[in-house]
Amino acid sequence: MLLELRAIEKRFGGVRALKAGNLNVEAGEVHLLMGENGAGKSTLMKIVAGLIQRDGGEMIWKGQPVNFQRPADASAMGIAMVHQESLLAPHLTIAENIFLGRELQSGFGLVNRKKMFEVAARLIEEHHFPLKAEWPVQRLSPAGKQLVEICRAIHCGSSLLIFDEPTSSLSDSETDEVFKIVRTLRDRKMGVIYITHRLDELRAVGDRVTVLRDGETVHTEPMAGITTDQIIHYMVGREVSSIYHREPVAPGEEMLAVKNLSSGKLLKKISFNLRAGEIVGLGGLIGAGRTELCRALFGVDPIDSGEVIVRGKPVQIRSPREAVAAGMALIPEDRGKAGLARELPIAFNVTMASMDDVSKMGILDKPAENEKTKGAITRLRIKCENGTQLAGRLSGGNQQKVVISKWLARGANIFLFDEPTRGIDVGAKVEVFEVMDELARSGAAILMVSSEMPELLQVADRILVMRQGKITGELPGGCTQQEIMRLAAFQTVTEELQ
Amino acid sequence: MIQRLLPFLTLILLFVGLSIGSPHFLTSTNLSSVVRQTAVINIMALGMTLVIITSGIDLSVGAILAMGGIAGTMTLEHGAPIFVGVLAGIGAGLFWGFVNGFLITRLKIAPFIVTLGTLGIIRGLTLISTNGLPVHQIPQGFSYLGEGSLLFVPFVLWLLLGCALAMHVVLEHTKLGRYAFAIGSNPEAAYYAGIPVAFHTTAVYAICGMLTGLAGMIEASRLMTGQPTAGQGYELQAIAAVVIGGGSLRGGEGSVLGTLVGAFIMGLLSNGSDLLGVSPYVQQAIIGAVIILAVTVDELRKRKAV
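Along each chain, residue indices are assigned from 1 in the same order as the chain's sequence is written. Here every chain gets a letter starting at A, and every ligand a number starting at 1, in the order they are written. Where local features are concerned, this predicted model is filtered to residues with pLDDT of at least 70; where side-chain atom pairs are given and counted, the filter is 80 or more; whole-chain, interface and lining totals use all residues.

1. A short note on the overall build of chain B
The helix and strand inventory of chain B stands at 13 helices and two strands. Throughout, the radius of gyration refers to the C-alpha atoms, and the reference size of a globule is 2.2 Å times the residue count to the power 0.38. Against the compact-globule benchmark of 19 Å for 306 residues, chain B has a radius of gyration of 19 Å, which places it among compact chains. Overall, the C-alpha framework of chain B stretches about 55 × 50 × 35 Å when taken along its three principal axes. It is the C-beta atoms, placed from the backbone, that decide contacts: two residues are in contact if theirs lie within 7 Å. A sequence separation of at least 24 residues applies to 78% of the contacts in chain B between residues at least 6 apart. Secondary structure elements are taken from DSSP: a helix is a run of H or I of four residues or more, a strand is a run of E of two residues or more, and numbering for both begins at the N terminus.

Have a look at this one:
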């Protein structure tokens, strides 16, 4: 037994990210670690790699109990991790990155560059990687960067290599490349832990699978003995709390129609429509392209081809300004980054997108602005002293309401909510849902991106599911989590035929 | 609250302290000379306030001041009426401010870099157009702008108050001012809200240039020459005034009152040092320390608040 994790616990503030993480990894096996977004996979692996420290449980490495205080402790023991987001120094060369932190010395504290490049070149040669030691890392593709991280891991003589969703940003051929490497590592009797959402493509390399759910290990079994449906069943057995239930309204006119929209590298031929009074859920795994779809529709990223039709009229949306003019509103995934001006008063935020309504010839009409702000505070039940309070001082839920109020003030009627409940507590979530419901009832059309499947089931009238930049299917509001997960994570029969 | 008032208290304390410490301080000659000296930096600092609120910076204002002064005095040299000359100076400032804004928004290069570049370009062009020589042939009446008095008060004080009031209105009561705060506080949110960010950013730099052009004419009037080397290092004094007055280089913060107080604190420090016989070398060190102190106090206040 290479690694054994027993009942690992981890808290972040009040949130229990891990309750009972159990995992056994043998030398010479590829162990898949699966689970929904937020199941605790990455947290568990960060504990193994020494990036964070556990709050409870036992970690046994090659028969000895261990305690890693920092990543260096783990790598000294032979544990290496290839991260989802590359942790390389982009301006340095591949060789320099492979040796980062353990440079070869040539006496007098000088770095022996020649030797480092030689060793790196040999390493790359040995594995037939399409790399050159002297290339700067910033010019590499995501796959190339991962190969560099793998080189780093192999070079320090690791006996366990952890991959955190390595293929989520890779193309098909790059994915094949990574798989090939994973198999080689296994043949050399290394242990490999492979975190993924995409089981379909991994049956070929995975030997065993462990499923995490809500911070607990729920099942471990050899891949040979388990069906895809069984894995889905273990992954999504989360309870749907009945905190909120929405009564759907009869949908009205078509507010937005998207036909064959393609954008960037990810989005391919997306078609769907939104009608007045509807809340349409958009499910999928992280990296499926949901945020990118919102950005493209809102004019942040360019649309390469396809049509966008707003209330029956084709429109060209090349900037957020044009999207706003067409009646669209985006409540972004990251509130602090693109939604809220934290250091400014609530009133400034409320009227930010509708200045023309509260000004004449460039001069502000303060009474009108106050009126508008008061209206928004009352309508959305924003808990604050008054409109002059700084927006950043409010609670997460109330901040979100301020972002929404900006679009209410503007009179938007097509809302793109990207993860609207992220980082806000349960009570505030219900309030956000109520606001969305009220918007829909007053005739708006809503697209709601959420990684929380129970949320989609509670709020959405119908659910679109994306996978790798495509819409893989549409489900009615009363569907099950299994059905969503199947569309989100697995290749459909028709896709396989293509 | 006390910390927010600290710049005001410092100003009052300086004033009272100097009144007691030097018999020459509280005389009309000295006070009006403080006002005249401070007005130039102060008017530039008003424009700088607007720029800094958008989380930008303008390092070229010293050069624009010289360019404005030269453009105006050369126009006067050719026999133009005084108000035409003044307008020429303001116009030159407006033009170069616009160029700054245009480069920043079109080339999407950091304001620090763009204005560092235009600082060199504008100063160079000013020296080329004058051959490095000052412009002297100026009608006597022009001295009124910088040295004249109206209702027993230096004329520049009226100008300063007018500009300050106008800037206050811009910041607090116009769409432009509101957008400046929004862009400085969260540029991405401003862009997502459909605000024409490039247009308003350009306007902000143009206004800063325009005020600097006016300051350049005041400076020229006080010296009664157009100096191609005028205004060197003024950009840092203008930035310091904004920062002492509570403006944040991270954007989204700044006020006209704060900047006025900041500029007068620096004016009094320098005047007081002269009166008390403190060497100009020590003066520089004191002003430097005050800048760091003011920002530290402001940072502490904000950290406590959040």
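2. As for the overall build of chain A
From N to C terminus, chain A includes 17 helices and 22 strands. The C-alpha radius of gyration of chain A comes to 25 Å, within 12% of the 23 Å expected for a compact globule of 498 residues. Its C-alpha atoms put chain A at 75 × 55 × 45 Å along the principal axes. Restricting the contact set of chain A to residue pairs at least 6 apart, pairs at least 24 apart contribute 68%.

3. Structural notes on the nonpolar core
Counting residues in each nonpolar core, the largest one holds 242 residues, and the members touching the most others are I414, F415, L416, M436, I446 and M448 of chain A together with M44 of chain B. No other element matches helix α10 (residues 197–223) of chain B, which puts 13 residues into this core. Note that domain bounds follow an automatic or database assignment of domains. When residues are assigned to domains, this core turns out to be shared by domain 1 (3–236) and domain 2 (254–497) of chain A, each giving three or more. Apart from residues no more than four positions distant in its own chain, F415 of chain A is found in contact with A329, I331, W407, L439, A444 and I446 of chain A. A set of buried Ala, Val, Leu, Ile, Met, Phe, Trp, Tyr and Cys residues, joined through C-beta atoms within 7 Å, is what we mean by a nonpolar core. Each residue is classified by how many other C-beta atoms fall within 10 Å of its C-beta atom, where C-beta atoms are placed from the backbone; a count of 20 or more means buried, 12 or fewer means exposed, and values in between mean partly exposed.

4. Comments concerning the packing of helix α7 (residues 228–236) of chain A against helix α16 (residues 481–489) of chain A
Residue and element names in this part refer to chain A. Axis definition: a line fitted to C-alpha atoms, limited for helices to the stretch in contact. Angles are taken between N-to-C directions and run from 0 to 180 degrees. Two elements in contact, α7 and α16, have axes separated by 9 Å at closest approach and are oriented at 120 degrees. When the interaxial angle is binned, α7 and α16 end up oblique. You can see that α7 and α16 cross each other, and the crossing is right-handed. Listed contacts from α16 to I232, H233, M235 and V236 of α7 are Q481, Q482, M485 and R486. Classification convention: Asp, Glu, Lys, Arg as charged; Ala, Val, Leu, Ile, Met, Phe, Trp, Tyr, Cys, Pro as nonpolar; all other residues, Gly among them, as polar. In terms of residue class, the contact of α7 with α16 is built from four nonpolar, three polar and one charged. With respect to orientation, any angle under 35 degrees is reported as roughly parallel, any angle over 145 as roughly antiparallel, any angle of 65 to 115 as roughly perpendicular, and every other angle as oblique. Note on convention: the crossing is left-handed when the near helix lies turned anticlockwise from the far helix by less than a right angle, right-handed when the turn is clockwise.

5. A look at the interface of chain B and chain A
Contact residues are listed per partner, giving 18 residues for chain B and 21 residues for chain A. Secondary structure elements with two or more residues in the side of chain B that touches chain A: α8 (175–185) and α9 (187–192) of chain B. A total of six residues in the side of chain B that touches chain A trace back to one element, the largest contributor, which is α8 of chain B. Partitioned by chemical class, the residues of the side of chain B that touches chain A number eight nonpolar, six polar and four charged.

6. With respect to the confidence of the model for chain B
Per residue, pLDDT measures the predictor's confidence, with a range of 0 to 100. Averaged over chain B, the pLDDT score is 90; the fraction of residues at 70 or greater is 98%. The ipTM assigned to the predicted complex is 0.82, against a pTM of 0.77.

7. Some thoughts on the packing of helix α3 (residues 61–77) of chain B against helix α4 (residues 82–106) of chain B
All names here are of chain B. It is at 7 Å that the axes of α3 and α4 come closest, and there the two elements cross at 145 degrees. For the element pair α3 and α4, the recorded crossing hand is right-handed. Contacts between α3 and α4 involve I64, M67, G68, G69, A71, G72, T73, T75 and L76 on the former and, on the latter, I82, V84, G85, V86, A88, G89, I90, A92, G93, W96 and G97. Residues belonging to the contact of α3 with α4 are distributed by class as follows: eleven nonpolar, nine polar and no charged.

8. Some thoughts on helix α8 (residues 290–297) of chain A
Residue and element names in this part refer to chain A. The element α8 is largely enclosed, with a buried count of eight among its eight residues. Every buried residue belonging to α8 is among R290, T291, E292, L293, C294, R295, A296 and L297, and all of these are buried. Positive backbone phi, approximately 85 degrees, marks G299, located one or two places after α8.

9. Considerations on the environment of C294 of chain A
Residue and element names in this part refer to chain A. Tracing the sequence through the fold places C294 in helix α8. Each C-alpha atom of the pair C294 and S354 lies 21 Å from the other, and the pair is 60 residues apart in sequence. Dropping the residues within four chain positions of it, C294 is found in contact with L330, L416, D418 and V449.

10. Focus: the environment of P7 of chain B
All names here are of chain B. Inspection of the secondary structure puts P7 in helix α1 (residues 2–21). Separated by 254 residues in sequence, P7 and V261 have C-alpha atoms that sit 6.7 Å apart. Not counting chain neighbours up to four residues away, the residues in contact with P7 comprise I244, G245, G246, G258, V261, G262, I265 and A294.

11. Section: the sheet that holds strand β16 (residues 328–331) of chain A
Residues and elements named next belong to chain A. Spatial ordering of the open sheet is given by β16-β19-β20-β13-β21-β22, a layout of six strands whose pairing is mixed. In this open sheet, the two strands that pair with only one neighbour each are β16 and β22 (470–476). Here the strands of the sheet are splayed against their neighbours by 20 degrees on average, with no regard to which way each runs. In this sheet, strand β20 (residues 445–449) lies alongside strand β19 (residues 414–418) in parallel orientation, the contact comprising five bridges. Within the sheet, the bridge partner assigned to L416 lies in β20 and is L447. A pair of strands is treated as paired once DSSP finds two or more bridges between them.

12. Describing the sheet that holds strand β11 (residues 254–263) of chain A
Residue and element names in this part refer to chain A. Read from one edge of the open sheet, four strands run β12-β11-β14-β15, paired in antiparallel fashion. The open sheet has two free edges, formed respectively by β12 (267–275) and β15 (313–315), since each of these has just one partner strand. Across this sheet, the average inter-strand angle for adjacent strands is 20 degrees, counted without regard to direction. In terms of strand pairing, β11 meets β12 through six bridges, oriented antiparallel. Paired with S263 across the two strands is L267, which belongs to β12. The strands touched by α8 within the sheet are β11, β12 and β14 (305–310), with β12 carrying the most contacts at an inclination of about 70 degrees.

13. Regarding helix α12 (residues 366–379) of chain A
Residue and element names in this part refer to chain A. Helix span, expected: 1.5 Å multiplied by one less than the number of residues in the helix. The end-to-end C-alpha distance of α12 is 20 Å, a good match for the 20 Å that 14 residues give at a rise of 1.5 Å each. Lining the buried residues of α12 we find α11 (346–350), β18 (363–364) and α13 (396–410). Just beyond α12, the residue with positive phi is R381, at close to 50 degrees.

14. Some thoughts on the environment of A206 of chain B
Residue and element names in this part refer to chain B. Mapping A206 onto the fold places it in helix α10. Residues A206 and N100, 106 residues apart in the sequence, show an inter-C-alpha distance of 7.7 Å. Those residues in contact with A206 that lie beyond four places of it in its chain are L94, G97, F98 and G101.

15. Concerning the confidence of the model for chain A
Put simply, chain A has an average pLDDT of 85, and 93% of its residues get 70 or more. When the elements of chain A are averaged for pLDDT, helix α17 (residues 493–497) of chain A gives the smallest value, 47, and β20 of chain A the largest, 94.

16. Description of unusual backbone geometry
A positive phi angle, close to 50 degrees, is found at R381 of chain A, a residue other than glycine. Residue position: R381 of chain A is located in the loop between α12 and α13. Overall, the presence of 11 C-beta atoms within 10 Å leaves R381 of chain A in the exposed class. Residue F152 of chain B is not a glycine yet carries a positive backbone phi of 65 degrees.

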